[in-house]
Amino acid sequence: MKLKIAVLPGDGIGPEIMKQGVAVMDAIAAKFGHEVSYREGLCGAHAIDEVGDPFPEETFQLCMESDAVLFAAVGHPKFDNDPTAKVRPEQGLLAMRKKLGLFANIRPVQTFACLLHKSPLKDELIQGADFICIRELTGGMYFGEKYQDNDKAYDTNYYTRPEIERILRVAFDYARKRRHHLTVVDKANVLASSRLWRQVAKEMEPEYPDVTVDYMFVDNASMRMISDPRFFDVMVTENTFGDILTDEGSCISGSMGLLPSASTGEHTPVFEPVHGSWPQAAGKNLANPIAQILSVAMMLEYFDLKEEGALVRKAVDASLDACVRTPEIQVEGGAAYGTKEVGAWIADYIRKA
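Calculation criteria
- Residues numbered from 1 in each chain as written.
- Predicted model: local features only at pLDDT ≥ 70, side-chain atom pairs only at ≥ 80, totals over all residues.
- Heavy atoms only, no water.
- Phe/Tyr/Trp six-rings, centres within 6.5 Å; stacked < 30°, edge-to-face > 60°.
- Helix = DSSP H or I, 4+ residues; strand = E, 2+ residues; numbered from the N terminus.
- Buried < 20%, exposed > 50% of the residue type's maximum accessible area, 1.4 Å probe, protein only.
- Lys NZ or Arg CZ within 6 Å of the ring centre and 35° of its normal.
- Pairing = 2+ DSSP bridges.
- Axes fitted to C-alpha atoms, helices over the stretch in contact; angles between N-to-C directions.
- Contact = heavy atoms within 4.5 Å.
- Core = buried A, V, L, I, M, F, W, Y, C linked by side-chain atoms within 4.5 Å.
- Salt bridge = Lys/Arg side-chain N within 4 Å of Asp/Glu carboxyl O.
- Polar contact = N/O pair within 3.5 Å; in protein donor to acceptor, adjacent residues only side chain to side chain.

### Brief notes about the packing of aromatic side chains
For any pair of aromatic rings, the description rests on two quantities: the centre-to-centre distance and the angle between the ring planes.
Argument step 1. Enumeration over the complete set of coordinates arrives at 9 aromatic pairs.
Argument step 2. Judged by centre distance (4.2 Å) and plane angle (5°), the ring pair of F172 and Y208 falls under stacked. Of the two residues, F172 sits in helix 7 (residues 161–177) while Y208 sits in the loop between helix 8 (192–204) and strand 9 (212–217), which places them 36 residues apart along the sequence.
Argument step 3. The exposure class assigned to F172 is buried, which follows from its relative accessible area of 0%.
Argument step 4. Residue class for Y208 comes out buried when judged on its relative accessible area of 6%.
Argument step 5. Measuring from ring centre to ring centre gives 5.2 Å for Y302 and F303, while their planes differ by 90°; the resulting arrangement is edge-to-face.
Argument step 6. Assessed through its relative accessible area of 18%, F303 is described here as buried.
Argument step 7. An aromatic cluster is present here, built from F131, F231 and F232 joined pairwise through their rings.
Argument step 8. The ring of Y174 has K177 sitting right over it, with the charged end atom 5.3 Å from the ring centre.

Structure follows, in C-alpha cells:
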C-alpha cells in the first residue's frame with residue numbers, strides 16, 4: 001500500500017515523540033512492503049511564532065492532500081499564562097478539526113497487566129477494563145456563539161439533529177463491533193441540548209436492536225468510570241463532556257503517555273496521543289512515546305492493515321513486559337530508558353519479528 005502521511009509535530013515534546021512514531025511506521029513499511037511518504041507541517045505555538053497562525057493554510061492544504069495526519073501535541077506556557085492572548089496554539093487544533101470535518105474523536109481506554117499498580121485505582125477495579133470514549137468534536141460550546149466583556153460572558157452549547165445523528169451512528173457501529181453495549185452520556189435533566197441528544201438516541205435505538213443502550217448523566221458517568229470502569233463498552237457524548245471524560249479515562253491506565261486516539265469525519269483522519277505538549281520536558285528525552293506509537297497502530301488499523309497494527313501493539317506490550325519504559329512507568333530500580341531508547345527498542349522488535 002502507498003500512503004501519504006502529513007506529519008505535524010507541534011510543540012513541546014511533540015517533535016521528540018513524533019520521531020519515534022515515524023520510526024515505527026518506517027519499520028512496519030519495510031517489513032510489510034508498504035511505501036510511505038511524509039510531509040511535515042507547522043501547527044500550534046511553533047506556527048504562531050513562524051507565521052502568526054496556529055493552523056496556517058499551507059498546513060491545511062497539506063492535510064487535505066494526505067491520506068492521514070500523524071499529529072503530536074500543541075501548547076506553550078506563554079499562551080496559557082496570558083489570558084489576553086488573541087491567538088492561541090489550541091485554536092489551531094480546533095481549526096484543524098473544523099476544517100477537516102473531524103466530528104468523531106475515538107479514544108480507547110485500556111489497562112496493561114504489568115502496569116496495574118501505576119493506576120490511581122485499585123487493581124481489582126481496573127483489571128480487564130477496556131472501553132472506548134467517542135466524543136463529538138466539532139459542535140457544542142467550543143464552537144458555539146461566544147461573548148465576553150468585563151462583566152459577563154457566555155458560550156452557547158449549540159447542536160443540530162444531523163450533528164447528533166452522525167456521531168451516534170459512529171457510536172452504534174463501534175458497539176456492534178465490540179460487546180454490543182452503548183452508553184449515551186448527557187445532562188438531560190438540566191440542559192436542552194442534552195434532551196435533544198437523548199431524544200435522537202432513543203429514536204435511533206430501533207435501528208440497532210442488537211445493541212443494548214443505557215443513558216447516564218455526566219456526573220454519574222464520571223463517578224462510574226472511577227468506581228466501575230469495566231461497566232463501559234462504548235461511551236458517546238458531546239464535545240465538552242467528552243473532553244473532560246476522556247482525560248479522566250486516560251488516567252485509568254496509569255499514564256496519559258500510553259493512550260492514542262483517532263479523529264475521523266469528512267476528510268483526512270488524524271491520529272494523535274491523548275496527552276499534551278509537556279513543554280517542561282521538551283528536549284530532555286523523558287517523554288513516553290508509546291501513545292504516539294499506538295496512534296500509528298490506530299492509523300494502520302484504519303486502513304485495514306490489521307496484521308501491521310497488531311504487530312505494533314505486540315511490540316509495545318513486549319517493551320512494557322521487558323521493562324523498557326520511560327521514567328514515569330518504570331519499575332523501582334529498573335534501567336533508565338528515554339524517549340529515543342523506548343522508540344528504538346520497539347522499532348527494532350518490529351524489524352526482528
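### Some points on the sheet that holds strand 4 (residues 104–110)
Argument step 1. Pairing is mixed across the open sheet formed by 10 strands, whose spatial order is 2-1-3-12-11-4-5-10-8-9. Of all the strands in the sheet, the pair left with one neighbour each is strand 2 (35–40) and strand 9. Ignoring strand direction, the axes of neighbouring strands in this sheet form an average angle of 25°.
Argument step 2. Pairing of strand 11 (residues 260–264) with strand 12 (residues 270–273) involves 4 bridges; the strand directions are antiparallel. In the sheet register, S263 faces strand 12, and the bridge partner there is V270.
Argument step 3. Against the sheet, helix 11 (residues 290–302) touches strand 1 (2–10), strand 3 (68–73), strand 4, strand 11 and strand 12, its axis set at about 155° to strand 12.

### A closer look at the nonpolar core
Argument step 1. Membership of the largest hydrophobic core comes to 71 residues, with the highest contact counts inside it found for I134, L168, L182, V236, I346 and I350.
Argument step 2. In contact with I346, not counting residues within four places along its chain, are V24, I290, I293, A315, V316 and S319.
Argument step 3. Counting residues in hydrophobic clusters, the runner-up holds 16 residues, among them V109, V185, A221 and M235.

### What about the pattern of salt bridges?
Argument step 1. Across all of its chains, the model carries 22 salt bridges by this definition.
Argument step 2. A salt bridge links R178 to D233; the shortest N-O distance between them is 2.8 Å. Of this pair, R178 sits in the loop between helix 7 and strand 8 (181–186) while D233 sits in the loop between helix 9 (218–227) and strand 10 (234–237), and the two are 55 residues apart along the sequence.
Argument step 3. Where D219 meets K187, a salt bridge forms, and the shortest distance between an N and an O atom there is 2.9 Å. Placement of D219 in helix 9 and of K187 in the loop between strand 8 and helix 8 is noted, with a sequence separation of 32 residues between them.
Argument step 4. For D219, a relative accessible area of 38% translates into the label partly exposed.
Argument step 5. Connected through shared salt-bridge partners, D130, R178, R179 and D233 make up one network.

### Overview of the environment of P56
Argument step 1. Residue position: P56 is located in the loop between helix 2 (44–51) and helix 3 (57–64).
Argument step 2. You can call P56 buried: its relative accessible area is 5%.
Argument step 3. Sequence separation between P56 and T264 is 208 residues; the distance between their C-alpha atoms is 20 Å.

### Some words on the side chain of T339
Argument step 1. Tracing the chain through its elements places T339 in helix 13 (residues 339–352).
Argument step 2. Within the structure, T339 has its side chain in polar contact with the backbone oxygen of A287 (distance 2.6 Å).

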